[in-house]
Amino acid sequence: MAGPPLLEIEDLRLGYATERGTLWAVDGVNLEVRRNEALTVLGESGCGKSSLARTLLRTLPRNARTPSGQIRLDGREVLGLPEERFRREVRWVRIALVMQAAMNALNPVVRVGEQVAEPLRVHQRMGRREAQRRAAAAFEEVGIATDFLRRYPHELSGGMRQRAVLAMALVTEPDLVILDEPTSALDVLTQASIMNVLKRIKAERGVSFILITHDIATSSELADRVALMYAGQVVETASAEAFFGDPAHPYSRLLMDSVPRLHQEQPPRAIPGRPPSLLEPPTGCRFADRCPKAYERCAEPPPEVAYDTRHRVRCWLHHPGGRR
Amino acid sequence: MTRWRDGLAQIRRYPSAVVGLLIIALLLATAIYAVTAIPYSEAQKLWRGGDAWQELPVNASPVWTDRIRGGEAPRTITASSDEVAVEREDLGAARLETTTLEVDFPYGDFPSEINLFLEAEFEQRQPFTRVHWRRPDGQEIPIEARRVGERDRFSISQDRQLESRLGFAPQIGLLTDAEPGTAEPDVLQGTYQLVIETVHFEEDARLHADLVVYGQVHGAFGTDHQRRDLAVALLWGTPVALAFGLLAAVGTTVTTLIIAATGVWYGGWVDAVIQRLTEVNIILPLLPILVMIGTLYSTSIWLMLGVVVVLGIFSAGIKMYRSMLLPIRQAPYIEAARAYGASGGRIILRYMVPRILPVLIPTFVTLIPTYVFLEASLAVLGLGDPVLPTWGKVLHDAQAQSALYHGFYYWVVSPAALLMLTGLGFAMLGFALDRIFNPRLRSL
Amino acid sequence: MSAPAATAASAPGSDSALLEVDGLYTHFELRQWGFLRTGTVRAVDGVSFTLDAGEATAVVGESGCGKSSLARTLLGLHRPTAGSLHFAGSELSSLGRADLKAYRAQVGYVQQDPYGALPPFMEVRRILAEPLIVHGIRRRAERWQRIQAALEEVGLAPATEIAGKFPHQLSGGQQQRVVIARALLLRPAMLIADEPVSMLDASVRVEILTLLHRVQQEHRLALLYITHDLSTVRHYVDRAMVMYGGRVVEQAPVDALLRHPQHPYTEALLSALGDPDAANAGRPRPVPGGEAPSLIHPPSGCRYHPRCPHAMAGRCELEPPPPDFRPRPEHRVACWLRE
Ligand SMILES: Nc1ncnc2c1ncn2[C@@H]1O[C@H](COP(=O)(O)OP(=O)(O)OP(=O)(O)O)[C@@H](O)[C@H]1O
Ligand SMILES: Nc1ncnc2c1ncn2[C@@H]1O[C@H](COP(=O)(O)OP(=O)(O)OP(=O)(O)O)[C@@H](O)[C@H]1O
Ligand code: SF4
Ligand SMILES: [Mg+2]
Ligand SMILES: [Mg+2]
């Protein structure tokens, strides 16, 4: 893989102004996504996954602070880009986002086809005919019959609505599609078929994905690489093989033990305790109070250390000279 | 309930809410002052008019109109025989008593009226009284001479004979030294005397005299055509308006809410009946019905209140509450309550109604002034409560007396200002509450 | 439907059965303008099973297959269209008002959406007092004592602190614990948990399932655990039933069901899932084509036949398979393949 990665995120920070001070939902995140690579961002509720996605696409709520750090697309800084150029050159043109619960946010009084064609009309000023034709192609790609283009959202089942918003993200042929919890509200069969669509599109179109989920089993369905988030930070980034086979961070390991599996004699074990408040995060390692391996050093914030090639861990255990 | 507590804590952050609250507090204070200072029965009695007001001028402007006009308008001056010595002279069978009442008149304009109130005490024979007026320049003007009744009054300014003698209306002629017929006579300032000579025919007979030289202004709010001080009506109008507005708003909101919740909960024919009743009721015009009842039956404010509430129950509010309650009826917590055996009534009162109360508070607050206005409108149409002083009644009287035509603008302005203030206070509070309790309207 | 025969066949333990469901139908009439019938939703369409005291059973099936309708019918929230429901020996539909209320105390209910299941304007203390008040426990001290015990039982300590909070001040997992506490308050004999963890974050699912399992064991509760996710079934229940299109297509002890699924639909459910593994990303999962069946116009014959890879023409689309083929001793399957 030559050239710079498709997307590089460096020391990204995003805060929300709240009544009780600034809440840092994304607190120093480093990530990269290469072409035709799928990265899963995994983490429990409230750890900042959606905030990360919204920062990438600049669809932040009003009380969000200006994010700091760097976001490079093909080596070019885009975080500092003026809004107008960002809209014209990046949003939906290069990066598309399927927001959390987007399938329930479709406009109930507009035909699905028109909503799917909308990004083309808005971002590429495309004519109606051509946009509809492309929407129909996107529909076929995600596996919905094209006669559904003329239906209204409530006439579609949950799975079909989710496919429709997926089509909306794909219709402009972006290089990177960010999917925020695309299958969380669906039952297993629908989940599996949507994941199948994603797998196919990745193989056929060479698109890169960032898949955001809290479900570990789902995360493994698309991931080339996995980034595990905890309390606003990425604690481990690794290839899927390394992450699911031999994770390094204590949190990752406990998480693996907490997955209910179909065929395993041992019952899953929940991780005791709860993640810290992001308003007053612990000064040291944020996982320290739940971590069975914590020692004195964990009272200081651990740096991200390279554990292996493209495998980074934010943990004192793996620091040179750390207590393994 | 947190939403309430949080909401109330937030009020401070909305200036309009604070202003609204201040206005409402002011109105409340006025209302409390009114009912404590002038008890209900007293207020009714006063408003009936009569002797209580005899020393007040008719249609006097408020004192503050001096500021607009420039110069001090005449005030009302009274002189009583109690305050002066009586000269007695024995005439054998009779007795002559002379009382001299003194009036110091410093104003640049004439009084609006002059009356002499007499009370005679006697057994059989009425005393005989002769009254004359002595100007500061020494000139004497005879006014009247006649027998005096037990409660008697010499309406000096209404005395046609005197008027023709003076060549001016008496309240002018008596206070000027201008030639009769002068277009714009000047006031002769100084000390005037009214000399009352009374012949008593009985040993114990007495005469009590009160001279009232009526001014052109009175009090902070002026007086009406029946000499009543408008302050009484405006003061007492406050508790009446607030009580009517509040009771009507509470009555309609609470009942409407419960009925809407009942319809939503039981659904089926119950809901259908409520819906149809509402639809019929919505097209019934409230005001004409009230006018009809007022004309044909009674204009008691309590009856009107009752009718307003009864007709308000099946109002458009039902539709609104219904649309708010329908999704709540589907809420899992209601299903949970059914699953542990809560009864329909309990679910309506404890689970459905409280859920939308915070959203209703703003609507409720803004509803209060609409009922205040309704009551005022009824009064203006002549369907006000016959015995209670209210703002609407004041407006009605003003209109009936063509107040604006005669330039008595204060008669209209004060009650209208109070009505507007009430509307403003509740509206400002209501809008702020709306933003607090309906965060969708609030921008982050 | 030959449902009654099915129960008779499964009769051995039925003397001890706490709940006996026999040929249960719950249909919803769709109406326009309140009276015009426009269709019938056959949400529960001939379901029979028994649940022993202290036994935990999972009901598994995809969205819209009638799981919640079954749960609500068992809770007495829907009137069954036909069939019988015996609880502790008495027929539910014959219960009077007072007995029905007593029945409701016997059955605890845990819902899917913990936040929605708690009235947002009440403190936890009040939320938990409600069922006790409804069931006539007047003394405040007694109520508080039971509330405290329930909160501690579900691991919400200190009880006094939690009791003063409003639902939105609690995390999703804590909310669901409150819901479970409420379900346990009236000391039920049976618990119906309708997708109790599907709205929760994956990290707390195991916690809540472990808790449900623990209280079920400790109080020897009968548990009906409804889920669409077969992977959360193992370790927590004894038996599992798979529902499809309003009917039960397979029931068996949970291990047998997971290891040797007999119905093609169960197989499909199992293969749509996977344990986390890096290899998953490379291979598409076998998923039956088509959509979930309409419950208004259900497919003829076997309801799964339009999606079934093994469907036998001339058989499956004509005759509905009876629910009690027994290809293996512990299994009962509604599939012609297992005839
Ligand atoms: N507009 C906002 N103002 C203040 N805080 C916010 C805002 N949006 C999110 N947060 C907080 O930021 C943190 C991260 O939120 P975010 O939605 O990114 O989490 P998430 O990982 O996507 O969680 P979930 O799985 O629940 O979607 C949370 O603690 C949340 O409460
Ligand atoms: N009260 C009702 N009136 C009409 N139809 C209903 C009613 N309740 C449920 N249904 C319909 O019955 C069918 C089964 O619904 P049910 O909620 O039982 O499914 P479920 O298996 O619980 O699905 P999910 O996994 O989505 O919760 C659905 O098609 C639903 O629309
Ligand atoms: S009965 Fe036929 S169609 Fe139904 S599941 Fe069995 S094989 Fe498939
Ligand atoms: Mg999110
Ligand atoms: Mg359900």
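Residues numbered from 1 in each chain as written. Chains lettered and ligands numbered in written order. Predicted model: local features only at pLDDT ≥ 70, side-chain atom pairs only at ≥ 80, totals over all residues. Heavy atoms only, no water.

1. With respect to the overall build of chain A
To keep things clear, this is the line we draw: Helix and strand definitions follow DSSP, with helices as H or I runs of at least four residues and strands as E runs of at least two, each counted in order from the N terminus. We compute the radius of gyration over the C-alpha atoms and compare it with the globule rule, which gives 2.2 Å times the number of residues raised to the power 0.38. Three exposure classes are used, based on accessible area relative to the maximum for each residue type with a 1.4 Å probe and protein chains only: buried under 20%, partly exposed in between, and exposed over 50%. Residue contacts are counted whenever heavy atoms from the two residues lie within 4.5 Å of one another.
Each helix and strand in chain A was counted, giving nine helices and twelve strands. Scaling as 2.2 N^0.38, a compact globule of 324 residues should have a C-alpha radius of gyration of about 20 Å, and chain A matches this with 20 Å. Viewed in the frame of its principal axes, chain A has a C-alpha envelope of about 65 × 50 × 45 Å. Expressed as a percentage of its 324 residues, the buried residues of chain A come to 57%. Considering only intrachain contacts with a sequence separation of at least 6, the fraction spanning at least 24 residues in chain A is 62%.

2. Structural notes on helix 7 (residues 230-266) of chain B
For the α-helix, the turn length of 3.6 residues means that residues three or four positions removed from each other point alike. All names here are of chain B. Counted only if it meets this: Take the number of residues in a helix, subtract one, and multiply by 1.5 Å to get its expected span. Here the bend at a residue is taken as the angle between two axes, fitted respectively to the seven residues that end there and the seven that start there.
In a regular helix each residue adds 1.5 Å, so 37 residues correspond to 54 Å; helix 7 covers 53 Å between its end C-alpha atoms and thus fits that length. Roughly 30 degrees is the biggest bend found in helix 7, and it falls at glycine 237, with proline proline 239 one to four residues downstream. Within helix 7, 27 of the 37 residues are buried, leaving the element largely enclosed by the surrounding structure. Immediately beyond the C-terminal end of helix 7, within one or two residues, lies glycine 267, with a positive phi of roughly 60 degrees.

3. Concerning the environment of alanine 169 of chain A
Residue and element names in this part refer to chain A. As for its placement among the helices and strands, alanine 169 is situated in helix 5 (residues 158-170). For the pair alanine 169 and valine 93, spaced 76 residues apart in the sequence, the C-alpha separation amounts to 9.8 Å. The residues contacting alanine 169, other than those within four sequence positions of it, are Trp92, Ala96, Val98, Pro174 and Val177.

4. Description of the pattern of salt bridges
Keep this limit in mind: Any Lys or Arg side-chain nitrogen located within 4 Å of an Asp or Glu carboxyl oxygen qualifies as a salt bridge.
This structure, assessed with the given rule, holds 65 salt bridges over all chains. Its salt-bridge partner being aspartate 257 of chain A, residue arginine 269 of chain A comes within 3.2 Å of it at the nearest N-O pair. Linking arginine 269 of chain A in the loop between helix 9 (250-257) and strand 11 (304-308) with aspartate 257 of chain A in helix 9, this pair joins segments that are twelve residues apart in sequence. Residue arginine 269 of chain A is classed as partly exposed on the basis of its relative accessible area of 45%. Its relative accessible area of 34% is what places aspartate 257 of chain A among the partly exposed residues. Taking the shortest distance from any N to any O, the salt bridge between arginine 75 of chain B and aspartate 66 of chain B comes out at 2.9 Å. Of the residues examined, arginine 75 of chain B reaches a relative accessible area of 21% and is grouped as partly exposed.

5. Side note on the confidence of the model for chain B
Predicted coordinates in areas of low pLDDT are best not read in detail. So the rule is basically this: One number per residue, pLDDT, summarises how confident the predictor is, and it ranges from 0 to 100.
Across chain B, the average pLDDT comes to 86, with 97% of residues at 70 or higher. Reported for the predicted complex are a pTM of 0.82 and an ipTM of 0.89.

6. Re the site of ligand 2
Residues and elements named next belong to chain C. Spelled out, the test is: If even one non-hydrogen atom of a residue comes within 4 Å of a molecule or strand, that residue is called near it. Two N or O atoms form a polar contact when they lie within 3.5 Å of each other; inside protein one atom must be a possible hydrogen donor and the other a possible acceptor, and for residues adjacent in sequence the pair counts only when both atoms belong to side chains.
Among the 13 residues in the neighbourhood of ligand 2, the closest are listed as Ser63, Gly64, Lys67, Ser68 and Ser69. At 2.7 Å, a side-chain N or O of serine 63 approaches an oxygen atom of ligand 2. Note that an oxygen atom of ligand 2 is positioned 2.9 Å from one of the backbone N or O atoms of lysine 67. For the shell around ligand 2, the elements supplying multiple residues, two or more each, are strand 2 (36-52) and helix 2 (67-74).

7. Re the environment of alanine 164 of chain A
All names here are of chain A. If you trace the backbone, alanine 164 turns up in helix 5. On the basis of relative accessibility, which here comes to 0%, the residue alanine 164 falls in the buried class. Along the chain, alanine 164 and alanine 135 lie 29 residues apart, while their C-alpha atoms are 9.6 Å from each other. If we skip the residues at most four places from it in the chain, alanine 164 touches Val112, Val116, Phe139, Ile144 and Leu156.

8. A short note on the nonpolar core
Here is the rule we go by: We call a set of buried Ala, Val, Leu, Ile, Met, Phe, Trp, Tyr and Cys residues a nonpolar core when their side-chain atoms join them within 4.5 Å.
Leu325, Ile334 and Met352 of chain B together with Leu151, Leu230 and Val233 of chain C are the most contacted members of the largest nonpolar core, which has 95 residues in total. In terms of nonpolar packing, the next biggest core, distinct from the first, is built from 59 residues, Ile24, Ala34, Ile289 and Phe437 of chain B among them.

9. Quick word on the domain arrangement of chain B
As a reminder of what qualifies: Here the limits of each domain have been adopted from an automatic or database domain assignment.
Taken domain by domain, chain B holds domain 1 (2-47 + 228-441) and domain 2 (74-214). Computed from C-alpha coordinates alone, the two centres of domain 1 of chain B and domain 2 of chain B are separated by 54 Å.

10. A look at the sheet that holds strand 8 (residues 190-200) of chain B
All names here are of chain B. How we decide: Only strands that DSSP links by at least two bridges are regarded as paired with each other. Between N-to-C directions, angles cover 0 to 180 degrees, with each direction set by a line fitted to C-alpha atoms, over the stretch in contact for helices.
Taken in spatial order, the five strands make up an open sheet running 2-3-8-5-6, and their pairing is antiparallel. Edge strands, defined here as strands with exactly one partner in the open sheet, are strand 2 (86-90) and strand 6 (140-147). Within this sheet the neighbouring strands show an average axis-to-axis angle of 15 degrees, counted without direction. Inspection of the sheet shows strand 5 (residues 128-134) paired to strand 6 by seven bridges, in the antiparallel sense.

11. Re the coordination of the magnesium ion (ligand 4)
Residues and elements named next belong to chain A. Spelled out, the test is: A donor here means an N, O or S atom no more than 2.8 Å from the metal, or no more than 3.2 Å when the metal is Na, K or Ca. Since water is not included, a site may seem to lack partners.
Bound to the magnesium ion (ligand 4) on the protein side are Ser50 (OG) and Gln100 (OE1), at distances that span 1.9 to 2.2 Å. Within this pair, whereas serine 50 is found in helix 1 (residues 49-57), its partner glutamine 100 is found in the loop between strand 6 (95-98) and helix 3 (112-123), the two being separated by 50 residues in sequence. Judged by its relative accessible area of 15%, serine 50 is buried.

12. A look at the pairing of strand 5 of chain B
Residue and element names in this part refer to chain B. Here strand 5 folds back onto strand 6, and the loop between the two strands holds five residues, one of which, glycine 138, carries a positive phi near 95 degrees. Here strand 5 pairs with strand 8 via seven bridges, running antiparallel. In the strand pairing of strand 8, threonine 129 is matched with threonine 198.

13. Here we look at the sheet that holds strand 2 of chain C
Residues and elements named next belong to chain C. On the basis of which strands lie adjacent, the open sheet formed by four strands has the order 2-1-4-5 and antiparallel pairing. Sheet topology places strand 2 and strand 5 (90-91) at the edges, where each strand pairs with a single neighbour. For strand 1 (residues 17-32) and strand 2, the ladder comprises 13 bridges, and the chain directions are antiparallel. Bridge assignment links arginine 31 to a residue of strand 2, and that residue is arginine 37.

14. Some thoughts on the site of ligand 3
Heads up, the rule is: Amino acids are sorted into nonpolar (Ala, Val, Leu, Ile, Met, Phe, Trp, Tyr, Cys and Pro), charged (Asp, Glu, Lys and Arg) and polar (every other residue, Gly among them).
Taken together, the neighbourhood of ligand 3 is formed by His263, Pro264, Cys302, Tyr304, His305, Cys308, His310, Ala311, Cys316, Cys335, Trp336 and Leu337 of chain C. Broken down by class, the residue content of the shell around ligand 3 amounts to nine nonpolar, three polar and no charged.

15. A short note on the interface of chain B and chain C
Stated formally: Buried area is calculated as the accessible area (1.4 Å probe) missing from two parts once they are joined, with the contributions of both summed.
Contacts between chain B and chain C engage 17 residues on the former and 26 residues on the latter. Taken over both partners, the interface formed by chain B and chain C buries close to 1900 Å², and the fraction arising from carbon and sulfur atoms is 59%. Area buried by chain B at its contact with chain C is led by Glu335, Ala339 and Tyr340 of chain B, which between them contribute 31% of it. In this structure, glutamate 335 of chain B engages arginine 72 of chain C in a salt bridge whose closest nitrogen and oxygen atoms are separated by 2.4 Å. Elements that contribute at least two residues to the side of chain B that touches chain C include exactly helix 1 (2-11), helix 12 (332-339) and helix 13 (344-383) of chain B. Tallying contributions element by element places helix 12 of chain B first for the side of chain B that touches chain C, with six residues. In terms of residue class, the side of chain B that touches chain C is made up of nine nonpolar, two polar and six charged.

16. Section: unusual backbone geometry
Residue alanine 157 of chain C is joined to proline 158 of chain C through a cis peptide bond whose omega torsion reads -5 degrees. Within the secondary structure, proline 158 of chain C is located in the loop between helix 6 (140-153) and helix 7 (159-163). Residues other than glycine seldom take positive phi values, yet aspartate 74 of chain A does so here, at roughly 50 degrees. Along the polypeptide, aspartate 74 of chain A turns up in the loop between strand 4 (68-73) and strand 5 (76-77). Residue arginine 227 of chain B is not a glycine yet carries a positive backbone phi of 65 degrees. Topologically, arginine 227 of chain B is positioned in the loop between strand 9 (206-214) and helix 7.

17. Details of the interface of chain C and chain A
Residue-level contacts link 41 residues of chain C with 38 residues of chain A. Together chain C and chain A conceal approximately 3300 Å² of surface at their shared face, both sides included; 58% is due to carbon and sulfur atoms. In terms of surface lost to chain A, no three residues of chain C exceed Val206, His235 and Pro276 of chain C, which account for 17% of the buried area on that side. Taken together, the connections running from chain C to chain A amount to four salt bridges. Between glutamate 221 of chain A and arginine 285 of chain C there is a salt bridge, with its nearest N and O atoms 2.9 Å apart. Applying the counting criterion to the chain C and chain A interface returns 22 residue pairs in polar contact (both at pLDDT 80 or more). Of all the secondary structure elements, the ones that give two or more residues to the side of chain C that touches chain A are helix 9 (202-218), helix 10 (254-259) and helix 11 (264-271) of chain C. Per-element accounting of the side of chain C that touches chain A gives the leading share, five residues, to helix 9 of chain C. Taken together, the residues of the side of chain C that touches chain A break down into 18 nonpolar, ten polar and 13 charged.

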